[in-house]
Amino acid sequence: MNRPDLLARLESARAAREQAGLLRRARVCDALGARRIVRGRALVDFCGNDYLGLAGHRDLVAALSRTAAAEGVGTGAAHLVSGHRDEHAALEEELAEWTGRERALLFSTGVMANLGAMQALLGAGAMPVPGRASALCVQDRLNHASLIDGAQLAGAELRRYPHADAEGAARQLDARSELPAMVATDGVFSMDGDVAPLPALAAVCRARGALLYVDDAHGLGVLGAQGAGSVSAAGLGTADVPVLMGTLGKALGCAGAFIAGDAAVIEGIAQFARTYVYTTAMPAALAAATRAALRLVRFDREGRREKLAANIARFRTGAAHLGLPLMPSATPIQPLPMGTATAAVAAAAALEDAGFLVVAIRPPTVPQGGARLRITLSAQHTPDRIDALLDALARLPRPAESAVV
Ligand SMILES: *Cc1c(COP(=O)(O)O)cnc(C)c1O
C-alpha cells in the first residue's frame, strides 16, 4: 500500500518549522498581580491584552466566586438546551446596550464567534452549486486568522486587499458583483495596533450592497465613549456596521466573546452558527464576572482609560526620543519592527534578562520580514516601569536597516 501517512506529513511540517527557527512553545507564566513569574523570576508583562488591568480586579473575582458558590461551575449544556442562565441573559442585554445595538449573542471564545457568525452569514440558505462559491468575503490582508478561517469554513470565495486600503476592498467587491458579499476587518489590528479605515469601508459597502463585519477584539474597552470601541469612536452605527464582534478576554479581563447587531440578524446567527448551537454555554460565574468588568469599563470611575492613554503617550514619546522605529499606532499595541525572526527572538530574550516579558511575533502570524516585538501597554503599568522598559530597549542591538520591512 502506498497511501501517504498523515503523521509523517505532520512531522515533516513540524521539522521544517523548527529548522526555520519558527517553533512556538507555551511557557508557564504564573500570575502574581500584574507580574508574571517565569522560571522563578518575576517579569513585568508588556505583552498581554489586559489593557485596563481588570483581570485581577476584586469586583470580578468577587462576582465570579459568588456566582460559582450559588450556581456551581459548569453549565452542563448548550444555551439552546438548558445552559442559558440569568447571568448570560443579563450580560447579553448589557453588551447590546453598551454597543448601541438591539441584541448581542454570547460565544465561548472570539475564535468561535468569528467561525460561527461568518459561517451563518456567508453560508446559511445558500444553494450549493458545484465549483461555485455562494458568497464573497473580502478581507484586509492583516486580519486575524479566525476571520480568514471563518470565510473558508463557510465555503465563501475569499479575496484580500492591501492593508487598510478601502479602494482595494472596492476593487475586490467589483470583481465579483454577482455574489452576495461581506467585507470583514479587524477594528484595531492585533499585531499592528492601527485602526481600520471604518468610515471609508462603510461607504464602499453601502455603495456596493455589501455587509460590513468588524472584529473589535482590541478596540472595545479602549476606544470611544464608555470604551464602546472603534466603531463607536468612528461615529458609525448599526446601519454602517451591521455586525460587530467583540471579545471579553482582552480589555474586559475575562474570557468569551459576543456578536451584536439588529435583533433579526442576531436571531439568524443564533440559528445557524454551529459554534453557538453545538457547544456548552460558558460558566454563569464567568458571565457574572464579565458584567462586573463591563460596569468598570463603561463608567471608569478609576480613570483607567486615561491612565492607559498617558502610558501610551509616555512610551511613544520616549521611544521617539531614542529613535526607535515606531509604527503608526495610537492604541495600546506598540510593535517594534525587528526584520528577521532571529533578531526578534534575540531581542525578546535580552528584554527577559532585563526583567520584561515581551514576546517576539514571527511569521506566519505576521508577513515574511515583518517579525517584531509586540509591546502592549496597560493602565496598570507605572511610569517608572515604562521608563525602565525604554532603557532596556535602548540597549538592544539595532536591527540592520536593510532587514527592516
Ligand atoms: C484575540 C482575537 C480573537 C480571538 O478571541 P479569543 O477570545 O481569544 O478566541 C479574534 N479576533 C481578534 C482580532 C483577536 O485579536
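Residues numbered from 1 in each chain as written. Predicted model: local features only at pLDDT ≥ 70, side-chain atom pairs only at ≥ 80, totals over all residues. Heavy atoms only, no water.

- For the protein chain, the name recorded in an unreviewed UniProt entry is 8-amino-7-oxononanoate synthase, with Luteibacter jiangsuensis as its organism.
- Here the protein chain is described in UniProt, under the heading Catalytic activity (unreviewed entry), as follows: "6-carboxyhexanoyl-[ACP] + L-alanine + H(+) = (8S)-8-amino-7-oxononanoate + holo-[ACP] + CO2".
- Quoted verbatim from the Pathway (unreviewed entry) field of UniProt, the annotation for the protein chain is "Cofactor biosynthesis; biotin biosynthesis." (UniProt positions renumbered as here; feature names shortened; annotations may be inferred.)

### Re the overall build of the protein chain
Okay, step 1: For the protein chain, the count of helices and strands is 15 helices and 14 strands.
Okay, step 2: Relative to its length of 405 residues, the protein chain is compact, with a C-alpha radius of gyration of 22 Å against a globular reference of 22 Å.
Okay, step 3: By its C-alpha atoms, the protein chain is 60 × 55 × 55 Å across when sized along the principal axes.
Okay, step 4: Taking the contacts inside the protein chain whose residues are at least 6 apart along the sequence as the reference set, 71% of them involve residues at least 24 apart.
Okay, step 5: On the protein chain, roughly 18,600 Å² of surface is accessible, and the fraction owed to carbon and sulfur atoms is 55%.
Okay, step 6: Separation between the mean location of the 41 positive side-chain charges and that of the 39 negative ones in the protein chain comes to 5 Å. (Helix = DSSP H or I, 4+ residues; strand = E, 2+ residues; numbered from the N terminus. Rg over C-alpha atoms; globule rule 2.2 N^0.38 Å. Contact = heavy atoms within 4.5 Å. Areas by Shrake-Rupley, 256 points an atom, 1.4 Å probe, with all protein chains shown as cover. Lys, Arg positive; Asp, Glu negative; His and termini not counted. Charge placed at Lys NZ, Arg CZ, Asp CG, Glu CD.)

### Quick look at the environment of Ala263
Okay, step 1: Positionally, Ala263 belongs in helix α10 (residues 263-272).
Okay, step 2: For the pair Ala263 and Leu105, spaced 158 residues apart in sequence, the C-alpha separation works out to 9.8 Å.
Okay, step 3: Beyond its immediate sequence surroundings of up to four residues, Ala263 is in contact with Glu102 and Arg103.

### Quick notes on the site of the ligand
Okay, step 1: Around the ligand, the structure places 13 residues, and the nearest of them are Gly110, Val111, Asp215, His218 and Lys250.
Okay, step 2: Contact distances for the ligand include 3.0 Å between an oxygen atom and a backbone N or O atom of Val111.
Okay, step 3: Here the shell around the ligand gets 3 residues from one element, more than from any other, and that element is helix α5 (residues 110-123).
Okay, step 4: In terms of residue class, the shell around the ligand is built from 2 nonpolar, 8 polar and 3 charged. (Near = heavy atom within 4 Å. Polar contact = N/O pair within 3.5 Å; in protein donor to acceptor, adjacent residues only side chain to side chain. Nonpolar A, V, L, I, M, F, W, Y, C, P; charged D, E, K, R; others polar.)

### Side note on helix α6 (residues 145-153)
Okay, step 1: All of the buried residues in α6 are Ser146, Leu147, Ile148, Gly150 and Ala151.
Okay, step 2: Contacts from the buried residues of α6 go to α5, β5 (136-140), β6 (157-161), β7 (181-186) and β8 (211-215).
Okay, step 3: Gly155 lies just past α6 and shows a positive phi near 75°. (Buried < 20%, exposed > 50% of the residue type's maximum accessible area, 1.4 Å probe, protein only.)

### A word on the UniProt feature "binding site: substrate" (unreviewed entry) in the protein chain
Okay, step 1: Per the UniProt annotation, the sites labelled "binding site: substrate" (unreviewed entry) are Arg24, His144 and Thr365.
Okay, step 2: Mapped onto the secondary structure, Arg24 falls in the loop between α1 (6-19) and β1 (30-32).
Okay, step 3: In this structure Arg24 comes out as partly exposed when scored by relative accessible area, which is 48%.
Okay, step 4: Residue contacts for Arg24: discarding those within four places in its chain leaves Arg17, Arg362, Pro364 and Thr365.
Okay, step 5: A polar contact is formed between the side chain of Arg24 and the side chain of Thr365, at a distance of 3.0 Å.

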